[in-house]
Amino acid sequence: MITAQIAVVGAGPAGLAAAAEARASGARTVLIEERSGLGGRAMIVPGARGLAEGLMRDLGGVEVLRSSVVWGIFGHRLAVLRAEHTETVEADAIVLATGARETLLPFPGWTLEGVMTLEAGWEAVRGGRIGSGVGPAVVAGGGEGGALATRLSERGVRAALLAPERPGTLKEGVPHLGGRLVAAQGTGTVERIVLDDGTVHECGMLCVESPRAPAVELPRQAGCPCVYQPLLGGFVPRVDPTMALHGPTARLYAAGDVTGVDSPRAAAESGRLAARCALQVLGLLADPGSKIEESRHRLAATSFPLRARAREALQAGALPDDVIEQHDVSPEVVLCPCVGVTVADLRAALEEGAVTPDDLGRWTRCGVGMCQWRRCGVPIMRWLSGALGVPIGRLSLPAALPPVRPVPLSALATGERTAEASADAHA
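Residue indices follow the written sequence of each chain, beginning from 1 at its first position. Since the coordinates come from a predicted model, pLDDT governs what is reported: local features require at least 70, and pairs of side-chain atoms require 80 or more to be given and counted, while whole-chain, interface and lining totals use all residues. Calculation of side-chain values draws on the structure's entire complement of heavy atoms; hydrogens and water are dropped beforehand.

### Quick look at helix α9 (residues 343-351)
Spacing of three or four residues puts side chains on the same side of an α-helix, whose turn is 3.6 residues.
Okay, so step 1: We call a residue buried when its accessible area falls under 20% of the maximum for its residue type, exposed when it is over 50%, and partly exposed in between, using a 1.4 Å probe and counting protein chains only. Helix and strand labels come from DSSP, where a helix needs a run of H or I of at least four residues and a strand needs a run of E of at least two; each type is numbered from the N terminus. Every buried residue of α9 is listed here: Val343, Leu346, Ala349 and Leu350. Within α9, the buried residues cover an arc of 125° as seen down the axis, which keeps them to one side.
Okay, so step 2: Those residues of α9 that are buried lie in contact with β20 (334-336), β21 (341-342), α10 (357-364) and α11 (377-388).
Okay, so step 3: Gly353 occupies a position one or two residues after α9 and carries a positive phi of about 115°. What the arc measures is the spread of directions leading from the helix axis to the C-beta atoms. Any two residues having at least one pair of non-hydrogen atoms within 4.5 Å are treated as being in contact.

### Some points on the nonpolar core
Okay, so step 1: Nonpolar cores are built from buried Ala, Val, Leu, Ile, Met, Phe, Trp, Tyr and Cys residues. Side-chain atoms within 4.5 Å join them into one set. Counting 66 residues, the largest nonpolar core has Leu78, Val89, Phe107, Leu206, Leu360 and Ile380 as the members making the most contacts within it.
Okay, so step 2: Every residue in contact with Leu360, bar those within four places of it in the chain, is listed here: Leu346, Ala349, Ala354, Arg365, Cys366, Ile380, Trp383 and Leu384.

### Details of the pairing of strand β15 (residues 205-208)
Regular strands place side chains that alternate from one sheet face to the opposite one.
Okay, so step 1: Along β15, one buried face is formed by Met205 and Cys207 and the opposite face, lined by Leu206 and Val208, is buried too.
Okay, so step 2: At least two DSSP bridges between two strands are needed for those strands to be called paired. Summarising the sheet, strand β8 (residues 115-117) and β15 pair through three bridges and their orientation is parallel. When the bridges of β15 are listed, Val115 appears paired with Leu206.
Okay, so step 3: As paired elements, strand β9 (residues 137-140) and β15 share four bridges and run parallel to each other. Paired with Val138 across the bridge in β15 is Leu206.

### Some thoughts on the pattern of salt bridges
Okay, so step 1: Salt bridges are identified by distance alone: a Lys or Arg side-chain nitrogen within 4 Å of an Asp or Glu carboxyl oxygen. Applying the stated criterion across every chain, the model contains 25 salt bridges.
Okay, so step 2: In this structure, the salt-bridge partner of Glu293 is Arg296, at a minimum N-O distance of 3.9 Å. Of this pair, Glu293 and Arg296 both sit in helix α7 (residues 288-302), separated by three residues, roughly a single helical turn.
Okay, so step 3: A residue is classified by how much of its surface remains accessible, and Glu293, at 36% relative accessible area, is partly exposed.
Okay, so step 4: A relative accessible area of 33% means that Arg296 is categorised as partly exposed.
Okay, so step 5: The network of salt bridges with shared partners includes Glu21, Glu269, Arg272, Arg276, Glu294 and Arg298.

### A word on the packing of aromatic side chains
Note on aromatic pairs: each is described by the distance of the centres and the angle between the planes.
Okay, so step 1: Note on ring pairs: Phe, Tyr and Trp rings are taken, using the six-membered ring of Trp, and paired if centres are within 6.5 Å. Classes follow the plane angle, with under 30 degrees stacked, over 60 edge-to-face and the rest tilted. As enumerated under the stated definition, the model contains two aromatic pairs in all.
Okay, so step 2: Note on Trp71 and Phe74: the rings are 6.3 Å apart at their centroids and 80° apart in plane angle, and the pair reads as edge-to-face.
Okay, so step 3: Assessed through its relative accessible area of 7%, Trp71 is described here as buried.
Okay, so step 4: Measuring from centroid to centroid gives 5.0 Å for Tyr228 and Phe235, while their planes differ by 65°, and the two rings are edge-to-face.

### Topic: the pairing of β9
Okay, so step 1: Residues Ala137 and Val139 point to one face of β9 and Val138 and Ala140 to the other, with burial holding for every one of them.
Okay, so step 2: Sheet topology places β9 next to strand β10 (residues 159-162); four bridges connect them, and they run parallel. By the bridge assignment, Ala140 is partnered in β10 with Leu162.

### A word on the side chain of Gln5
Okay, so step 1: Tracing the backbone shows Gln5 in strand β1 (residues 2-9).
Okay, so step 2: Residue class for Gln5 comes out buried when judged on its relative accessible area of 17%.
Okay, so step 3: Non-local contacts of Gln5, meaning those with residues more than four positions away in its chain, are made with Gly26, Ala27, Arg28, Ala91, Asp92, Ala93, Leu282 and Leu284.

### Section: the sheet that holds strand β12 (residues 181-185)
Okay, so step 1: Strand order in the open sheet formed by three strands is β12-β13-β14, and the pairing between neighbours is antiparallel. Across the chains shown, the open sheet's two edge strands, defined by having one partner strand only, are β12 and β14 (200-202). The sheet shows a mean angle of 25° between the axes of neighbouring strands, direction not considered.
Okay, so step 2: Sheet analysis places strand β13 (residues 192-195) next to β14, joined by three bridges and oriented antiparallel. Its bridge partner being in β14, Val194 is matched across the sheet by Val200. Here an angle of 0 to 180 degrees is reported between the N-to-C directions of two axes, which are lines fitted to C-alpha atoms, with helices fitted over the stretch in contact.

### Thoughts on helix α2 (residues 49-56)
Okay, so step 1: Every buried residue of α2 is accounted for by Leu51, Ala52 and Leu55. Within α2, the buried residues cover an arc of 95° as seen down the axis, which keeps them to one side.
Okay, so step 2: Buried positions along α2 lie against α1 (13-24) and α6 (264-281).

In structure tokens, the structure reads:
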């Protein structure tokens, strides 16, 4: 077992800032990141990389666990998958900085190999998996899409941008396509795309700018209620002004985009605020009043104004407006790629009496595949809201049970033994 005074899950700007702040106050700190590299999305978004690299320089003395997936939270214990076996991290306080993930909204052909989010496209570039043999590529998006299309072109890929207008981030010489994406086509792999004007374009790699939804699985597993706020990206966990999670366990905090999608600098400031509040509770923060107030001011100053107001309203206990979401696609479109569940399958289950995501899962097995709702949860919730005519915030979320990520059976066995040994030691 690894023990610490403060454990931080996620090494994006929020997690980096929280870990550095905790260690600067003398707390034994462990930072857990599922990727091999630190920085999260900030490392692939133009303009944010410098922020992440600066925060990394402040990590001296922090124990960093890379390529480590947190698949369960049990009070103040975290079950962490490392090298195919489970280790337990136990901490006096935990900061969940799990971020947000891009979620493709289904359209005909979205499950073909080669169709991905912008973030996945940037990851491929960063991982060296892109060369002149890839493509032709089409990037559907605005400013960030223009930057990705430019980078692909610099890597020797024949790339084009699909957007209503040509953004300034698009390099001169990279083609710009007007119109709207209707469908991707191909046999197993994307080979072409169809636009709303009827034109067809050759395509071997399609990157689609997609909405980002907070990754709330661990806060929910910890017993924290969530509310739906579109301004913050969707369902977000309830936190108080100290960034502490509502729920049965004290000294659990959330920070960054998991509490609402915002700017990278705002994510870092919320991580710093969460760490300072945790340090205050543990009696490790000098001059807590002024430091916490400073963090609050800096968070408000670096947030997008509407999102800052939405976040502050939720912290004060307000309920967001009811919103009925719509996701209208043809019956044959697949909404759950892992199991192959189509809109027609979901509609049939609805007619049989299914009214919750878990009902749909029992009828159709949607959400039970490898992704565990991570890929299909947002589109299915949106579709269910429109199909029932019920505000999405009033629908129950799918059950959040461990493991929240796919893990080998052997890792679950070692995790059970580790948990039992921990309980015996405490007894």
